[in-house]
Amino acid sequence: MTTAFQHLYEKHGTHMHVSPFVIANSWRVLDLSVAMAYAMLTTYGKMNRGISAAAAFLRGYSSVCTLTDEELRHLVLLIACRLSCSVTLGAYSYKQAPENHYLLLHAKPGWDALGMIWGTDVGRRQEMRTILDKIFEQACSTKKGETGVIDCSDLSFPDPQVVDPFGEMRTTQSNKRRKLN
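These lines cover the structure that appears in this document, whether it is placed above or below. Along each chain, residue indices are assigned from 1 in the same order as the chain's sequence is written. Given that the model is predicted, a residue must reach a pLDDT of at least 70 before its local features are reported, and side-chain atom pairs must reach 80 or more before they are shown or counted; all residues, however, enter totals for whole chains, interfaces and linings. Side-chain measures here rest on the full set of heavy atoms in the structure, leaving out hydrogens and waters.

Some details on the overall build of the protein
To keep it simple, the criterion reads: Where helices and strands are cited, they refer to DSSP runs of H or I of at least four residues and of E of at least two residues respectively, numbered from the N terminus. Accessible area is worked out with a 1.4 Å probe on protein chains only. A residue is then buried under 20% of its type maximum, exposed over 50%, and partly exposed in between. Note on contacts: a residue pair qualifies if any of its non-hydrogen atoms lie within 4.5 Å across the two residues. All accessible areas in this document rest on Shrake-Rupley with a 1.4 Å probe, and a residue is counted as covered only by the protein chains that are shown.
Helix and strand counts for the protein stand at eight helices and two strands. When the elements of the protein are put in sequence order from the N terminus, they spell out α-β-β-α-α-α-α-α-α-α. With 181 residues in all, the protein has 31% of them scored as buried. Across the protein, contacts joining residues at least 24 apart in sequence account for 68% of those joining residues at least 6 apart. Summed over all atoms, the accessible surface of the protein reaches about 11300 Å², with 59% contributed by carbon and sulfur.

The structure is reproduced here in structure tokens:
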């Protein structure tokens with residue numbers, strides 16, 4: 001396990017789990033992770049802006065309540081846990097009542113969001129984790145506009161599965177800036 005992920009878990013034999021601190025001392029990060037997971041499933045999330053939706057919710061939350069570093073460190077894992085519970089319970093409920101198509105409303109978006117932030121490729125998961133940590137740290141720096149409205153324009157971007165037509169241009173400009181510094 002890489003150093004970037006060692007702070008997420010405590011190892012007990014061959015099993016990994018969330019630090020007891022989060023469960024015992026921070027119910028608010030659990031509530032926040034549930035809300036952020038469901039923000040990823042909103043209409044905005046279904047338009048391939050799930051990470052932006054979660055980050056915007058976090059920005060609003062952090063404008064009134066500051067997260068500790070420990071809470072922030074566990075946020076991605078807790079969101080993935082909530083999405084896992086949601087899709088698993090949804091599949092079970094649908095199996096019990098296959099005529100109830102309402103139960104499928106969040107199934108695909110839920111699986112898509114879970115695959116995006118957690119997935120099965122450990123290397124990609126670590127890369128995504130690093131990026132999400134940066135995005136969530138950025139979200140915690142509240143930006144209020146002149147009217148007192150919280151500005152989330154810096155958090156509005158497509159999810160990674162969306163082809164970025166400006167990606168090459170951004171990379172070129174970023175490389176030029178690095179050379180200048």
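So that's the structure; there's more coming.
Section: the pattern of salt bridges
Test applied: Salt bridges are defined by distance alone: a side-chain nitrogen of Lys or Arg within 4 Å of a carboxyl oxygen of Asp or Glu.
This structure, assessed with the given rule, holds five salt bridges. Two residues, Glu71 and Arg28, come together in a salt bridge whose shortest N-O distance is 2.8 Å. Taken together, the residues Glu71 in helix H5 (residues 69-96) and Arg28 in helix H3 (residues 27-39) connect sequence positions 43 residues apart. Two residues, Arg59 and Asp154, come together in a salt bridge whose shortest N-O distance is 2.6 Å.

Quick word on the nonpolar core
What counts is decided by this rule: Take the buried Ala, Val, Leu, Ile, Met, Phe, Trp, Tyr and Cys residues and link them wherever side-chain atoms come within 4.5 Å; each set so joined is a nonpolar core.
Counting 31 residues, the largest nonpolar core has Met40, Leu58, Leu75, Ile79, Leu83 and Phe136 as its most contacted members. The greatest single-element share of this core, amounting to nine residues, is contributed by H5. Beyond its immediate chain neighbours, meaning those up to four positions away, Leu58 contacts Leu32, Met36, Leu67, Leu72, Leu75, Phe136, Ala139 and Cys140.

So, the side chain of Asp133
Quick reminder of the rule: What qualifies as a polar contact is a pair of N or O atoms within 3.5 Å, subject to a donor-acceptor requirement within protein and to the restriction that residues adjacent in sequence count only when both atoms come from side chains.
Inspection of the secondary structure puts Asp133 in helix H7 (residues 122-139). Taking the relative accessible area as the measure of exposure, Asp133 reaches 19% and is therefore buried. Among the polar contacts made by the side chain of Asp133, one reaches the side chain of Arg129 at a distance of 2.8 Å.

What to know about unusual backbone geometry
Of note, Asn48 is a non-glycine position whose phi angle comes to about 65 degrees, a positive value. Residue placement: Asn48 occurs in helix H4 (residues 43-62).

Overview of the environment of Cys81
Here Cys81 shows up in helix H5. Exposure remark for Cys81: the relative accessible area of 34% places this residue in the partly exposed category. Along the chain, Cys81 and Ser33 lie 48 residues apart, while their C-alpha atoms are 8.8 Å from each other.

Concerning the packing of H3 against H4
This is how the line gets drawn: Axis definition: a line fitted to C-alpha atoms, limited for helices to the stretch in contact. Angles are taken between N-to-C directions and run from 0 to 180 degrees. Throughout, the term roughly parallel applies to angles under 35 degrees, roughly antiparallel to angles over 145, roughly perpendicular to angles from 65 to 115, and oblique to all others. Crossing handedness follows the turn of the near helix against the far one: under a right angle anticlockwise gives a left-handed crossing, and clockwise gives a right-handed one. The nonpolar class holds Ala, Val, Leu, Ile, Met, Phe, Trp, Tyr, Cys and Pro. Asp, Glu, Lys and Arg form the charged class, and all remaining residues, Gly among them, are polar.
Where H3 contacts H4, the axes come no closer than 7 Å and their chain directions differ by 150 degrees. In terms of their interaxial angle, H3 and H4 are classed as roughly antiparallel. Note that H3 runs across H4; the crossing there is right-handed. Contact residues: H3 offers Arg28, Leu32, Ala35, Met36 and Ala39, while H4 offers Gly45, Ala53, Ala54, Phe57, Leu58 and Tyr61. In terms of residue class, the contact of H3 with H4 is built from nine nonpolar, one polar and one charged.

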